[in-house]
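Residue-level structural notes
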Amino acid sequence: MGGTWETDAFTRHYSFEQCSDDDIEKVLAVNLLAPIRLARSLLPTLRRSSNPKIIVMGALSGLDNFPGREVANSASKFGLRGAVHALREELRCDRIAVTIINPGNVGTPEVLSDLQEAGEPAENAIPLNIVQLRIFAANIV
């Protein structure tokens, strides 16, 4: 759903200075490069579809003024948002719809664990099944 993030991201233990190069590269590869490459590889199939759509999962950390401290994660989500805007223009002539969903904390096991460690209630996360239903509904419209 949300990709990956740096070690100790979203916890009080996070420190950009302590992030390894491997950690930073992994976050950028999974959150930014993989969706771009996947979209490119699916273009021939999408062009044959009667109602083609690319729906990308972003995050609040990719939005302006989000108070996150996670540098690689924020960079990857900002980059993903920019890629979606560019893809939308690039694929307009092919009538391929491109959008990005930027939800809040989605209740994946990792997010629920991070919330617990931060002393925040699990209710602060969006139930995973609600996000899945909204994506499904968006895909059939």
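Summarised in this report is the structure supplied together with it. Since the model is a prediction, treat every value here as computed from it, not as a measurement. (Residues numbered from 1 in each chain as written. Predicted model: local features only at pLDDT ≥ 70, side-chain atom pairs only at ≥ 80, totals over all residues. Heavy atoms only, no water.)

We now examine the nonpolar core. In this structure, Leu32, Ala39, Leu43, Leu46, Ile54, Val56, Leu80, Val84, Leu91, Ile96, Val98 and Ile100 together form the largest nonpolar core, which totals 12 residues. Elements with a minimum of two residues in this core: helix H1 (21-48), strand S1 (53-57), helix H2 (71-90) and strand S2 (97-101). Per element, the largest residue contribution to this core is 4 residues, and it comes from H1. Beyond its immediate chain neighbours, meaning those up to four positions away, leucine 80 contacts Asn31, Leu32, Pro35, Val56, Met57, Gly58 and Ile100. Core analysis: the next-biggest nonpolar cluster, separate from the first, contains 7 residues, Tyr14, Val111, Leu115 and Ala125 among them. (Core = buried A, V, L, I, M, F, W, Y, C linked by side-chain atoms within 4.5 Å. Buried < 20%, exposed > 50% of the residue type's maximum accessible area, 1.4 Å probe, protein only. Helix = DSSP H or I, 4+ residues; strand = E, 2+ residues; numbered from the N terminus. Contact = heavy atoms within 4.5 Å.)

This brings us to the pairing of S1. With 5 bridges connecting them, S1 and S2 associate as parallel partners. Paired with isoleucine 55 across the two strands is threonine 99, which belongs to S2. Considered for its hand, the β-α-β crossover made up of S1, H2 and S2 is right-handed. (Pairing = 2+ DSSP bridges. Right-handed = clockwise from strand over helix to strand, strands pointing away.)

Helix packing for two helices is described by the angle between their axes and how far apart those axes are. Between H1 and H2, the least distance of the axes is 8 Å, while the angle of their chain directions is 15 degrees. With respect to H2, the element H1 is oriented roughly parallel. Crossing angle aside, the handedness with which H1 passes H2 is right-handed. On H2, the residues that touch Ile24, Val27, Leu28, Asn31, Leu32, Pro35, Ile36 and Ala39 of H1 are Ala72, Asn73, Ala75, Ser76, Lys77, Gly79, Leu80, Ala83 and Leu87. Taken together, the residues that form the contact of H1 with H2 break down as 12 nonpolar, 4 polar and 1 charged. (Axes fitted to C-alpha atoms, helices over the stretch in contact; angles between N-to-C directions. Parallel < 35°, antiparallel > 145°, perpendicular 65-115°, else oblique. Left-handed = near helix turned anticlockwise from the far one by under 90°. Nonpolar A, V, L, I, M, F, W, Y, C, P; charged D, E, K, R; others polar.)

With that out of the way, let us pick up helix H3 (residues 109-117). All of the buried residues along H3 are Val111, Asp114 and Leu115. When H3 is viewed along its axis, its buried side chains cluster within an angular range of 100 degrees and face the same direction. Set apart from the buried face of H3 by more than 90 degrees, the exposed residues are Pro109 and Gln116. Phi turns positive one or two residues past the end of H3, at glycine 119, with a value near 75 degrees. (Arc of directions from axis to C-beta.)

With that out of the way, let us pick up the environment of arginine 69. Residue position: arginine 69 is located in the loop between S1 and H2. Separated by 54 residues in the primary sequence, arginine 69 and serine 15 have C-alpha atoms spaced 8.4 Å apart. In terms of polar contacts, arginine 69 uses its side chain to reach the backbone carbonyl oxygen of tyrosine 14, at 2.7 Å. (Polar contact = N/O pair within 3.5 Å; in protein donor to acceptor, adjacent residues only side chain to side chain.)

Moving on, we come to the pattern of salt bridges. Taken as a whole and judged by the stated rule, the model has 4 salt bridges. The residue aspartate 23 makes a salt bridge to lysine 26 at a minimum N-O spacing of 3.9 Å. You can see aspartate 23 and its partner lysine 26 sitting in helix H1, 3 residues apart, about one turn around the helix. Here arginine 47 and aspartate 94 are joined by a salt bridge, their closest N and O atoms 3.1 Å apart. With arginine 47 in helix H1 and aspartate 94 in the loop between H2 and S2, this residue pair connects regions lying 47 residues apart in the sequence. (Salt bridge = Lys/Arg side-chain N within 4 Å of Asp/Glu carboxyl O.)

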